[in-house]
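Listed below, chain by chain, are the residues.
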Amino acid sequence: MRKGILSIGAAAAALTLGLTACGGESGDTSAESSSAPSAAAGDAKPGKIGVILPDSKSSARWETADRKYLQEAFDAAGVQSDIQNAQGDKTAFQTIADQMITNGATVLMIVNLDSGTGKAVLDKAKSQGVATIDYDRLTLGGSASYYVSFDNTAVGKLQGEGLVKCLTDKKADKPIIAELNGSPTDNNATLFKQGYDGVLQPKYDSGDYKKGPDQSVPDWDNTQAGTIFEQMLTQEPKIAGVLAANDGLGNAAISVLKKQKLNGKVPVTGQDATVQGLQNILAGDQCMTVYKAIKKEADAAAQLAVSLAKGEQPQASGTVKDTEGNRDVPSVLLEPQAIFFDNVKDVVADGFVSKDELCTGDFADKCTEAGVS
């Protein structure tokens, strides 16, 4: 499904804009050219870049990390930009896109709320000569010129492997596993599930694990996740492991487990390496999370956007198959990292989370124990 998966350290370097792209692990060097509007590079003042983020409820990352890093990259390049958040509202998402195009955006970067809304926005932008980038989430059936994200199937695989590791450490015997999946309208959630089911299904098939409740959480809503998991635990009180698709869903499950004094006894996964998720790991309530170096992702996307705003036709390092649109989308994919108690310090060392915000109050001693400096 994917070509040219890059390591975090190599991804930005491999995105050689306007030149022949480097190959990834597959060795693919036949990068596709963008269908973006062309203009002679440097002939005119760079255009304006519009960015639409999805919400601030599903994950803290969109406002605390993505907005910050994208803005810094655009400012450093001296390119005018407008970054807005649709706050989960599909109508607002489309209105923001229309306003950005009306106000002169020549490049539009979106994190879709669902593929239907995303496709409508991308198609309208394209019809008006605006170059487009799918950021973090691929819009199925869409028309984005580029896609920048992480290898999301690999994210799910790390979650599945992480849960297996934590259950093995606990010497769990035929544990019942609950799967708390992301939003059914988010293609990334589908890819995450493909990744962790690829690890867990053989365990179910062999009888080593027992498959328990398996449910998606609409819009990644953490409140709904708590209600759903409470119902899961009522339905199956002997749940012994929780594959939660991100830290917010994981925390929702942990809150329910705490009521039953099961926190720390039932391993829970996560994703995004949020402060809350990392603190849950330090406390022993969360098994692991998946760290995605958002700055690397934002920098790669910003580099593409700036190049497009300057009228260039950049080439990406690989492609991803849009199964609904039946096309290969020029893509940059970065590699995720599994985080457990022993390497929480890596997230701090990378500057994604600061020691001051992580190691507060009761977590100070835990940070020392985990080697956070």
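What counts and how
- Residues numbered from 1 in each chain as written.
- Predicted model: local features only at pLDDT ≥ 70, side-chain atom pairs only at ≥ 80, totals over all residues.
- Heavy atoms only, no water.
- Helix = DSSP H or I, 4+ residues; strand = E, 2+ residues; numbered from the N terminus.
- Contact = heavy atoms within 4.5 Å.
- Areas by Shrake-Rupley, 256 points an atom, 1.4 Å probe, with all protein chains shown as cover.
- Axes fitted to C-alpha atoms, helices over the stretch in contact; angles between N-to-C directions.
- Parallel < 35°, antiparallel > 145°, perpendicular 65-115°, else oblique.
- Left-handed = near helix turned anticlockwise from the far one by under 90°.
- Nonpolar A, V, L, I, M, F, W, Y, C, P; charged D, E, K, R; others polar.
- Phe/Tyr/Trp six-rings, centres within 6.5 Å; stacked < 30°, edge-to-face > 60°.
- Buried < 20%, exposed > 50% of the residue type's maximum accessible area, 1.4 Å probe, protein only.
- Expected span 1.5 Å × (residues − 1).
- Polar contact = N/O pair within 3.5 Å; in protein donor to acceptor, adjacent residues only side chain to side chain.
- Pairing = 2+ DSSP bridges.
- Disulfide = S-S within 2.5 Å.
- 1 Å grid on protein atoms, 1.4 Å probe; cavity = no way out; pocket = protein on both sides within 12 Å on 5 of 7 lines; lining within 4 Å.
- Points joined across faces, edges and corners; volume = space filled by probe spheres on them.

Undergrad: What should I look at first to understand the overall build of the protein chain in this one?
TA: For the protein chain, the count of helices and strands is 13 helices and twelve strands. In the protein chain, the share of contacts with a sequence separation of at least 24, taken over all contacts with a separation of at least 6, comes to 73%. Counting every atom, the protein chain has about 14,800 Å² of accessible surface; 48% of that belongs to carbon and sulfur.

Undergrad: What exactly am I supposed to notice about the packing of helix α2 (residues 61–77) against helix α10 (residues 294–309) here?
TA: Here α2 crosses α10 at 40 degrees, and the two axes come no closer than 9 Å. One element, α2, and the other, α10, form an angle in the oblique class. Seen from above, α2 lies across α10 with right-handed handedness. Residue-level contacts link Arg61, Ala65, Asp66, Tyr69, Leu70, Ala73, Phe74 and Ala77 of α2 to Ile294, Lys295, Glu297, Ala298, Asp299, Ala302, Ala305 and Val306 of α10. When grouped by side-chain class, the residues that make up the contact of α2 with α10 number eleven nonpolar, no polar and five charged.

Undergrad: Hey, could you run me through the packing of aromatic side chains in this one?
TA: Any pair of aromatic rings gets described here by the distance separating the centres and the angle formed by the planes. Counted according to the given criterion, the structure contains two aromatic pairs. Both rings, one in Phe192 and one in Trp220, keep their centres 6.2 Å apart while their planes meet at 70 degrees; by these two values the pair is edge-to-face. With Phe192 in helix α6 (residues 187–206) and Trp220 in the loop between β7 (210–216) and α7 (222–235), this residue pair connects regions lying 28 residues apart in the sequence. Trp220 carries the same exposure label as Phe192, and that label is buried. Taking 5.3 Å as the distance between ring centres and 55 degrees as the angle between the ring planes, the aromatic pair formed by Tyr291 and Phe352 counts as tilted. Placement of the pair is Tyr291 in strand β9 (residues 289–291) and Phe352 in the loop between α11 (344–349) and α12 (355–358), with a sequence separation of 61 residues. Relative accessible area serves as the criterion here: at 4%, Tyr291 is assigned to the buried category. Note on Phe352: relative accessible area 15%, which makes it buried.

Undergrad: When you look at helix α8 (residues 247–259) in this model, what are you seeing that I'm missing?
TA: Two residues of an α-helix separated by three or four positions point the same way, owing to the 3.6 residues in each turn. The end-to-end C-alpha separation of α8 is 19 Å, in line with the 18 Å expected for 13 residues at 1.5 Å each. Burial within α8 is extensive, with ten of its 13 residues counted as buried. Among all positions of α8, only Asp247, Gly248, Leu249, Gly250, Asn251, Ala252, Ala253, Ile254, Val256 and Leu257 are buried. In this structure, the buried side of α8 is in contact with β6 (176–181), α7, β8 (239–244), α9 (275–283) and β9. In this structure Asn246 caps α8, since a side-chain oxygen of it lies 3.2 Å from the backbone nitrogen of Gly248. Positive phi appears at Lys261, one or two residues downstream of α8, with a value of about 55 degrees.

Undergrad: In this structure, what is going on with the side chain of Ser183? I would like to understand it.
TA: Turning to its location among the elements, Ser183 is positioned in the loop between β6 and α6. Owing to a relative accessible area of 2%, Ser183 belongs among the buried residues under this scheme. Side-chain polar atoms of Ser183 contact the side chain of Thr185, separated by 2.9 Å. The residues touching Ser183, leaving out its near neighbours within four places in the chain, are Ala189, Val217, Pro218, Asp219 and Trp220.

Undergrad: Honestly, the sheet that holds β8 in this entry has me stumped. Any pointers?
TA: Remark on secondary structure: sheet strands pair via backbone hydrogen bonds, oriented parallel or antiparallel. Across the sheet, three strands lie side by side as β7-β6-β8; this open sheet has parallel pairing. The open sheet is flanked by β7 and β8, the only strands paired with a single partner. Each neighbouring strand pair of the sheet contributes to a mean axis angle of 20 degrees, computed without reference to strand direction. Strand contacts of α7: β6, β7 and β8, with the helix running at about 160 degrees to β6, the strand carrying the most contacts.

Undergrad: Just to check I follow, could you spell out the state of the cysteines for this structure?
TA: Here a disulfide denotes a covalent bond joining the sulfur atom of one cysteine to the sulfur atom of another. Counted by the stated rule, this structure contains two disulfides. The disulfide partner of Cys166 is Cys287, and the S-S distance across this bridge is 2.0 Å. Taking the sign of the S-S torsion, 80 degrees for the link of Cys166 and Cys287, the bridge is right-handed. With Cys166 in helix α5 (residues 152–169) and Cys287 in the loop between α9 and β9, the pair connects residues that are 121 residues apart, well separated along the chain. Exposure class is identical for Cys166 and Cys287. Each is buried. When the bonded cysteines of the protein chain are numbered from the N-terminus onward, they pair as 1-2, 3-4.

Undergrad: Please clarify how unusual backbone geometry should be interpreted in this entry.
TA: The phi torsion of most residues other than glycine is negative, and most of the peptide bonds are trans. You will see that Asp219, though not glycine, has its phi angle at about 60 degrees, which is positive. Take Asp219: it is sitting in the loop between β7 and α7. For Asp272, which is not glycine, the phi torsion reads 105 degrees and is therefore positive. Mapped onto the elements, Asp272 comes out in the loop between α8 and α9.

Undergrad: Please clarify how α10 should be interpreted in this entry.
TA: In this model, α10 (16 residues) spans 22 Å end to end at C-alpha, consistent with the 22 Å of a helix rising 1.5 Å per residue. Summarising burial for α10: twelve of the 16 residues are buried, a large majority. What α10 keeps buried is the set Ile294, Glu297, Ala298, Ala300, Ala301, Ala302, Leu304, Ala305, Val306, Ser307, Leu308 and Ala309. Summarising the contacts, the buried residues of α10 are in contact with β1 (48–53), α2, β3 (105–110), β4 (131–135), β5 (146–150) and β11 (327–334). Looking one or two residues past α10, Gly311 carries a phi angle of roughly 85 degrees, positive in sign.

Undergrad: So what exactly am I meant to see when it comes to empty space enclosed by the protein here?
TA: One way to see where empty space is left: roll a probe the size of a water molecule over the atoms. Within the structure shown, the criterion is met by two cavities of 30 Å³ or more. There is about 120 Å³ of room inside the largest cavity. Along the walls of the largest cavity sit 14 residues, with Trp62, Arg137, Trp220, Asp272 and Lys292 positioned nearest its centre. Every element with two or more residues in the lining of the largest cavity is listed here: α2 and α6. Looking at side-chain class alone, the lining of the largest cavity contains three nonpolar, five polar and six charged residues.

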